Amino acid sequence: WEFNGSFYQPSAFLMMGIPGLEALHHWISIPFCALYLIALLGNCMILFIIKKTQSLHEPMYYFLSMLAVTDLGLVLCTLPTTLGIFWFNMRRIGFDACLTQMYFIHILSFIESSVLLAMAFDRFIAISHPLRHPSILTKMTVMKIGLAIILRGMVSLLPIPFLLKRLTYCGKTELSHSFCFHPDIMNLACADTKVNDFYGMIILLSTVGMDFIFIVLSYILIIKTVISLATKEECLKALNTCVSHICAVLVFFIPMIGLSMIHRFGKNAPPLVNTLVAYTYLIIPPALNPIIYSIKSSHIREALLRALRRK
């Protein structure tokens, strides 16, 4: 412990694997390794195919590349500590290292939310104004959107580590997960955390919350446009281009909202539920997104088959 008058700060936190199943961690690591491997290989494959296939150099696939890079970042943020616990029981993480991991996990989560919103906007423009789509979403516009997304995440979350460092910690140093999460760290403080709680809630609602609302509004407008199309075949064809994005939105937002609600309002929820929702939130979307887009996007699938034939 670091002591300075009445100010206490732990030198390290203790992370947790899956509560109650510690004896089975080596076996549990097998599906986790499989998910991490699928996420790493799948997202790298998506990036490789988009880079090498000239016909995929379009706004939709540029945004898909951003999603793949974000998913890779999330995987690389959580993989060392999660597998470190399962394989070697390495539970200790330094205080500053924990804050750094937390900062990047939250940034990447916010970036993924914003990228999904950008993809919804792209689908709306492509369906509602197909002839103007290339002139509205030029390569330079997509780059500016990507830069704005990164800056938004970095700036909005920058105060969080400093708000946590100012708190006094006492008693428990055991986290609820195998990674560092803002509400989880905040709950270990014995000081007043109203500022942290308020700021965290405001940032969550003004970024991820607003992204989700605008995604829903985008799809309301898309459905209105699709209904006005002449034939049933045209309607189905237009909606089919959105299926993979809708799946990615549901896979990301449902566990994220669930984890946020559990940390803020579900204090008495079983630890196992909390842990499973957290792993679902951070590991399942990066593993499923490449599979979803490979299955539903004929362009990605055809490019992948061509690459395999060349091999």
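Rules behind the numbers
By convention here, each chain's residues receive numbers from 1 onward along its written sequence. Where local features are concerned, this predicted model is filtered to residues with pLDDT of at least 70; where side-chain atom pairs are given and counted, the filter is 80 or more; whole-chain, interface and lining totals use all residues. With hydrogens and water excluded, all non-hydrogen atoms of the structure serve as input to the side-chain values. Between rings of Phe, Tyr and Trp, where Trp is taken as its six-membered ring, a pair exists when centres lie within 6.5 Å; planes separated by under 30 degrees are stacked, by over 60 edge-to-face, and by other angles tilted. Under the scheme used here, helices are H or I runs from DSSP no shorter than 4 residues and strands are E runs no shorter than 2 residues, and both carry numbers assigned from the N terminus. A 1.4 Å probe rolled over the protein chains alone gives each residue an accessible area, and that area as a share of the maximum for its type sets the label: buried under 20%, exposed over 50%, partly exposed in between. Contacts were defined at the residue level, with two residues in contact if any of their heavy atoms lie within 4.5 Å. We call a pair of cysteine sulfur atoms a disulfide whenever their separation is within 2.5 Å. Here, the term nonpolar core denotes a set of buried Ala, Val, Leu, Ile, Met, Phe, Trp, Tyr and Cys residues that are joined through side-chain atoms within 4.5 Å. UniProt positions are given in the numbering used here, feature names are shortened, and annotations may be inferred rather than shown by experiment.

1. Overview of the packing of aromatic side chains
Each aromatic ring pair is specified by the distance between its two centres and by the angle formed by the two planes.
Part 1: One pass over the structure, following the stated rule, counts 12 aromatic pairs.
Part 2: Plain terms: the ring middles of Phe86 and Tyr279 are 6.4 Å apart, the flat faces sit at 45 degrees to each other, and that makes the pair tilted. Highlighted residues: Phe86 in helix 2 (residues 59-88) and Tyr279 in helix 11 (residues 271-296), separated in sequence by 193 residues. Comparing Phe86 with Tyr279 shows no difference in burial state: the two are buried.
Part 3: These aromatic residues form a ring-pair network of at least three members: Phe212, Phe252, Phe253 and Tyr281.

2. What about the side chain of Ser113?
Part 1: Structurally, Ser113 can be placed in helix 3 (residues 95-128).
Part 2: Residue classification places Ser113 among the buried positions, given a relative accessible area of 0%.
Part 3: Residues contacting Ser113, with those up to four places away along its chain left out, are Val208, Asp211, Phe252 and Phe253.

3. Concerning the state of the cysteines
Part 1: Within this structure, the stated rule accounts for 1 disulfide.
Part 2: A disulfide bridge connects Cys98 with Cys180, and the sulfur atoms are separated by 1.9 Å. As the torsion about the S-S bond is roughly -120 degrees, the Cys98-Cys180 disulfide counts as left-handed. With Cys98 in helix 3 and Cys180 in the loop between helix 6 (159-165) and helix 7 (182-186), the pair connects residues that are 82 residues apart, well separated along the chain. Accessibility classification places Cys98 together with Cys180 in one group, the buried group.
Part 3: Cys44 provides the cysteine sulfur closest to Cys33, a residue in no disulfide bond, and the two sulfurs are 17 Å apart.
Part 4: Residue Cys33 is classed as partly exposed on the basis of its relative accessible area of 24%.

4. Digging into the nonpolar core
Part 1: Counting residues in hydrophobic clusters, the biggest one holds 88 residues, and the most contacted among them are Phe13, Leu64, Leu116, Leu164, Tyr169 and Ile185.
Part 2: When residues of this core are assigned to their parent elements, the largest contribution, 19 residues, is made by helix 3.

5. Examining the UniProt feature "transmembrane region" (unreviewed entry) in the protein chain
Part 1: Summarizing the sequence annotation, UniProt attributes the feature "transmembrane region" (unreviewed entry) to residues 24-50, 62-88, 100-121, 142-164, 198-222, 243-264 and 276-295 in the numbering used throughout.
Part 2: Helix and strand shares over residues 24-50 are 96% and 0% respectively, and the end C-alpha atoms of the span are 40 Å apart.
Part 3: The straight-line gap between the two end C-alpha atoms of residues 198-222 is 35 Å; of that span, 100% is helix and 0% is strand.

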